[in-house]
Amino acid sequence: MLSGSFDYSAALWDFEEQRQIATLDGHEGPVTNVKFFAGGKRVATTSDDRKVRIWALDGDTPKLLRSLEGHGHKVMALAVDPAGRWLASGGWDKTVRLWNPDDGTEIRKIDTGVPVNALAIAGGGKRIIVGGHDPLIRVFDAETGLSKGKLEGHRMGITDLAVSDDGAELLSAGIDKTVHLWDLNAFTEIARYQDHEHQVYAVRFVPGDKSFVSAGRDGIIVHRKIGGDVIRAIKAHDKIIWSLTVSPDGRFVVSSSSDDTARVWHLATGDRIGTPAEAENANEPKPWLTSDHPGAKLFGKCARCHSLSAEGVRRSGPHLKGLFGRKVGSVPGYNYSSALKRGDFRWDEKTLFELFDKGPDKYLPGTKMPVQRVPDAQQLAQLIEYLHQITAANGAN
């Protein structure tokens, strides 16, 4: 995962462990947008410093490949052609610029007539959709830069845009507290939603599902069925949510906020995934930190989501007391996903091995456990042995 911040930097994260891997430090102003190129080996960042930067992620240290200069005001929006042929940036200088990411040359400049807040790509890279400070959504031909039309319906400026996987529909979020759904073939409005009491700053389709998520000034993530009712409202932050992204499998949404955090949420249950900051400082025993057992290091990942005892700090996963021999989905009071509620087996050496050998998403489709495989059979066996040892040592059996 990649995040951008008002502290002038971008950060690369290990999604599974929610651990920062690297810092991309080079902008001279707040970082306003970040995007991966296809394949994940390159990323692009934009900033108030009027620049677009392209970085290589090969190795442990990100390398700045080039800086793209031409905008006359802060650069707010970013989109990457699916085929990797070009990169589009939108700025408050009222332009969208297309760049060759390989040599940094400017391919085309599109005058939009309005400061740009958001960009999206549709038609397999043939169309660029622009949202800005006024209520109109503008569509341009990527090859010629000519206008292909406008979408009218918002009453105030546009803050975010998202295109469906099939390219047929568009979601737009606005200062007017609404989210609109559009038909990109007919250029018509399909639906209008007002689920927030304040400005909406982020909207995303949920992959593989006829639903979307939205968020904004109220700090609430709303998950809504397209053509149906609100599925769930998650009070995710006490401050503004600036952006959202959804995992490719549609199980998790990540929110970023003015509270200086990015948080991971399981959409099916609304639960936060990972260890909240307050739990990190909890006065709980951490025997795995001093153990010389070869499985102790891997157990550190388990400890982020699971307490050893029923009396420990409540985390995103159930406690481990009585794990071996315990029926799946049976800890009283824990908010299990439907995948665990339907389970009909007990945790033991065999089932735990299969869980981490295949991966939780394959072994229990729909689970809220992130993709945490242990592909090395010997390491996995050591982890399970240590799990048995540490849970027994803490009165778990």
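Our structure is the block above this text.
First, a word on what this report is: a plain description of the structure on this page. (Residues numbered from 1 in each chain as written. Predicted model: local features only at pLDDT ≥ 70, side-chain atom pairs only at ≥ 80, totals over all residues. Heavy atoms only, no water.)

Attention now moves to the overall build of the chain. Of the regular secondary structure elements, the chain holds 6 helices and 27 strands. What you see for the chain is a C-alpha radius of gyration of 23 Å, in line with the 21 Å of a compact globule of 397 residues. For the C-alpha atoms alone, the extent of the chain along its principal axes is close to 70 × 45 × 35 Å. For the chain, the residues scored as buried account for 53% of the 397 residues in total. A separation threshold of at least 6 residues defines the contact pool for the chain, and within that pool the share at least 24 residues apart is 39%. A total accessible area of about 18,000 Å² is found for the chain, and carbon and sulfur atoms account for 49% of it. Here the chain contributes 51 positively and 51 negatively charged side chains, and the mean placements of these two sets differ by 2 Å. (Helix = DSSP H or I, 4+ residues; strand = E, 2+ residues; numbered from the N terminus. Rg over C-alpha atoms; globule rule 2.2 N^0.38 Å. Buried < 20%, exposed > 50% of the residue type's maximum accessible area, 1.4 Å probe, protein only. Contact = heavy atoms within 4.5 Å. Areas by Shrake-Rupley, 256 points an atom, 1.4 Å probe, with all protein chains shown as cover. Lys, Arg positive; Asp, Glu negative; His and termini not counted. Charge placed at Lys NZ, Arg CZ, Asp CG, Glu CD.)

With that settled, consider helix 4 (residues 349-358). Of the positions making up helix 4, those classed as buried are Thr351, Leu352, Leu355 and Phe356. For helix 4, the arc enclosing every buried residue in end-on projection is 120°, short of the 170-degree limit, so these residues lie on one face. Of the residues flanking the end of helix 4, it is glycine 359, one or two places downstream, whose phi is positive at about 100°. (Arc of directions from axis to C-beta.)

Glancing now at the environment of leucine 244. Summarising the element assignment, leucine 244 is placed in strand 24 (residues 241-246). For leucine 244, a relative accessible area of 5% corresponds to the buried category. Along the primary structure leucine 244 and alanine 120 are separated by 124 residues, whereas in three dimensions their C-alpha atoms are 15 Å apart.

In this section: the nonpolar core. Ranked by internal contacts, the top residues of the largest apolar core, which has 29 residues, are Trp288, Phe299, Trp347, Leu352, Leu355 and Leu387. Secondary-structure elements contributing two or more residues to this core are helix 2 (296-303), helix 3 (338-341), helix 4 and helix 6 (377-393). The dominant element in this core, judged by the number of residues it contributes, is helix 6, at 6 residues. The residues contacting leucine 355, other than those within four sequence positions of it, are Trp347, Pro360, Tyr363, Leu364 and Met369. (Core = buried A, V, L, I, M, F, W, Y, C linked by side-chain atoms within 4.5 Å.)

Attention now goes to the pattern of salt bridges. Using the criterion set out here, one finds 20 salt bridges in the structure. Here arginine 85 makes a salt bridge to aspartate 81, at a shortest N to O gap of 2.8 Å. Ionic pairing is found between aspartate 134 and arginine 138, a salt bridge with its closest N-O pair at 2.8 Å. Each member of the pair aspartate 134 and arginine 138 is classed as buried. Each of Asp14, Glu16, Glu17, Arg19 and Lys301 takes part in a single network of salt bridges with overlapping partners. (Salt bridge = Lys/Arg side-chain N within 4 Å of Asp/Glu carboxyl O.)

This part is about the sheet that holds strand 22 (residues 220-225). Taken in spatial order, the 4 strands make up an open sheet running 20-21-22-23, and their pairing is antiparallel. If you trace the sheet from one side to the other, it starts and ends with strand 20 (200-205) and strand 23 (230-235), each paired once. Averaged over all pairs of adjacent strands, the angle between their axes in this sheet comes to 15°, without regard to strand direction. Pairing between strand 22 and strand 23: 5 bridges, direction antiparallel. Considered in strand 23, the bridge of histidine 223 is made with arginine 232. (Pairing = 2+ DSSP bridges. Axes fitted to C-alpha atoms, helices over the stretch in contact; angles between N-to-C directions.)

A word on the packing of aromatic side chains. Under the defined criterion, the tally for this structure stands at 9 aromatic pairs. Plain terms: the ring middles of tyrosine 193 and phenylalanine 212 are 5.2 Å apart, the flat faces sit at 55° to each other, and that makes the pair tilted. Linking tyrosine 193 in strand 19 (residues 188-193) with phenylalanine 212 in strand 21 (residues 211-216), this pair joins segments that are 19 residues apart in sequence. Exposure class is identical for tyrosine 193 and phenylalanine 212. Each is buried. Ring centres 5.7 Å apart and planes at 70° place the aromatic pair phenylalanine 299 and tyrosine 386 in the edge-to-face group. Of this pair, phenylalanine 299 sits in helix 2 while tyrosine 386 sits in helix 6, and the two are 87 residues apart along the sequence. Grouping residues by exposure puts phenylalanine 299 and tyrosine 386 together as buried. Grouping aromatic residues by their ring pairs yields a cluster made of Phe6, Tyr201 and Trp242. One cation-aromatic arrangement involves arginine 42 over phenylalanine 37; the distance from NZ or CZ to the ring centre is 4.6 Å. (Phe/Tyr/Trp six-rings, centres within 6.5 Å; stacked < 30°, edge-to-face > 60°. Lys NZ or Arg CZ within 6 Å of the ring centre and 35° of its normal.)

Now for unusual backbone geometry. Even without being a glycine, glutamine 18 presents a positive backbone phi close to 50°. The backbone of phenylalanine 187 shows a phi angle near 60°, a positive value even though the residue is not glycine. Summarising the element assignment, phenylalanine 187 is placed in the loop between strand 18 (179-183) and strand 19. For phenylalanine 187, a relative accessible area of 24% translates into the label partly exposed.

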